[in-house]
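Here is what each chain is made of, one letter per residue.
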Amino acid sequence: MKKITAFALLSIAIISCNKETKTVTKVDPKTGKTITVEVPAEKSEETATVANPAIKDSLGIYYSTFKLEKGKTYPFTTYQRDTQTMSDGSKSMTGTNESTDEMNFTVNGIDEKGNYDITMNLVGKRMSASAQGKTQTIDTKGAAPSDPQQKFMWEVQKAQVGNKLNMKMDKHGKILSITGFEPIYQKINKAASSIIKDAAQTKSFMEGFKLSFSEKSLKEQFGKNINIFPVKGTKIGQSWSESENVTPDGSIKITTTYTLTKVENGIAEISIKGGIPKKDKKQAKDGMSHEISLEGSQNGTIRIDANTGWILGTKLNLTTSQKESLSDGKQSQSLSKKSSSLVSINPSYKF
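Residues numbered from 1 in each chain as written. Predicted model: local features only at pLDDT ≥ 70, side-chain atom pairs only at ≥ 80, totals over all residues. Heavy atoms only, no water.

### As for the overall build of the protein
At step 1: Tallying secondary structure elements over the protein gives four helices and 17 strands in all.
At step 2: Per-residue burial over the protein gives 36% buried out of 351 residues.
At step 3: When contacts within the protein are restricted to residue pairs at least 6 apart in sequence, long-range pairs at least 24 apart make up 55% of them.
At step 4: A total of about 20,300 Å² of accessible surface is found on the protein, and carbon and sulfur atoms cover 50% of it. (Helix = DSSP H or I, 4+ residues; strand = E, 2+ residues; numbered from the N terminus. Buried < 20%, exposed > 50% of the residue type's maximum accessible area, 1.4 Å probe, protein only. Contact = heavy atoms within 4.5 Å. Areas by Shrake-Rupley, 256 points an atom, 1.4 Å probe, with all protein chains shown as cover.)

The following block contains the structure:
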């Protein structure tokens, strides 16, 4: 996914020669070293970008690569909050789920082709669920819950964090490999078997865990968040779209449209729009009719450090509305679901 380097526009106001100046951090184009210089405040924006940034303009078209530094660590924390309200027409119930997955990436080395050797550090995980005035929380940085089922999940997650994976990535953000899973699987298996006891159930649990935490799943997860720019490049104001299946059969899809809105002050900003076009489905069988309607919309913003190519922050809002009814011609039942989701990468980043 994308890495953060906060390329500082450290602005300390000073009075000198009756003119306001600012101290900015930039890369010396001759030496390649990071330096700080004082410039007139009105020109500080002109010096915000480095001589050869990761996201750069070529005849009006912006292309993206990565220019990460050896020895530096880049944060990548994901946060998601889902709120769902269900109603049958007479009563309703609302529940909220939150999850935080904290990790960071340390650059160990860069080879002659520009490929990165990176350590992925699994730092912490937190989950909470709230409904009917009650909240349950599982936090690997906190104490184990007293509830047996929650304690099991805490034990499993506790065994997962504090570990490292090794990732190889090229300068364009393509993930070449992710390795180091086996020692983590062993720790998870030990934690799970100490609570489940039944060997067959432990095996079944581990099979499911490996599907969600594997080289394939992490490549897909990080690939979507790292490779945002189109390979052919894009212009300011230009859009590109992607589509993903919401249902396994592909009958319902979600479309995401990205637009490069600006590149200035060392930051590239991309807007997100799209959603799920309204989809109606009707079925009739044995005198019963079943109708389902689903639609959704999304919007958000991505900000990328134009000097490194690493993601500074993402904020995405998604709302969906689903209606379902069942009737035999005499009686009918209906149920509506409204969901609101916030997905954020590096949630501490201020937009």
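From this point on, the discussion continues.
### As for the side chain of Asp170
At step 1: Here Asp170 lies in the loop between β10 (164-169) and β11 (175-179).
At step 2: For Asp170, the side chain forms a polar contact with the main-chain nitrogen of Lys174, separated by 2.9 Å.
At step 3: Sequence-distant contacts of Asp170, defined by excluding residues within four places in its chain, comprise Gly114, Asn115, Tyr116 and Leu176. (Polar contact = N/O pair within 3.5 Å; in protein donor to acceptor, adjacent residues only side chain to side chain.)

### Some details on the packing of aromatic side chains
At step 1: Under the definition given, this model contains 16 aromatic pairs.
At step 2: Centroid distance Phe181 to Phe213: 5.3 Å. Interplanar angle 75°. Geometry classified as edge-to-face. Of this pair, Phe181 sits in helix α2 (residues 181-196) while Phe213 sits in the loop between α3 (199-212) and α4 (215-226), placing them 32 residues apart in sequence. Like Phe181, the residue Phe213 is buried in the burial classification.
At step 3: Here the aromatic residues Phe66, Tyr74, Phe76, Phe105, Phe222 and Trp310 are joined through ring pairs into a cluster of three or more. (Phe/Tyr/Trp six-rings, centres within 6.5 Å; stacked < 30°, edge-to-face > 60°.)

### Considerations on the confidence of the model for the protein
At step 1: Looking at the protein as a whole, its pLDDT mean stands at 86, while 86% of the residues score no less than 70.
At step 2: Mean pLDDT across the secondary structure elements of the protein bottoms out at strand β1 (residues 14-16), with 31, and peaks at β10, with 98.
At step 3: Counted against residues more than four places away or in other chains, residues 22-35, with its pLDDT under 50, gives 39 contacts.
At step 4: Counted against residues more than four places away or in other chains, residues 41-47, with its pLDDT under 50, gives ten contacts. (pLDDT = per-residue confidence, 0-100.)

### Considering the pairing of β11
At step 1: Bridging between β10 and β11 involves four bridges; their strand directions are antiparallel. In the sheet register, Met167 faces β11, and the bridge partner there is Ile178.
At step 2: The turn linking β10 back onto β11 is made up of five residues, and Gly173 within it adopts a positive phi angle of 95°. (Pairing = 2+ DSSP bridges.)

### Things to note about α4
At step 1: With twelve residues, α4 ought to run about 16 Å at 1.5 Å a step, and its terminal C-alpha atoms sit 16 Å apart, in line with that.
At step 2: Every buried residue of α4 is listed here: Ser217, Leu218, Phe222, Gly223 and Ile226. (Expected span 1.5 Å × (residues − 1).)

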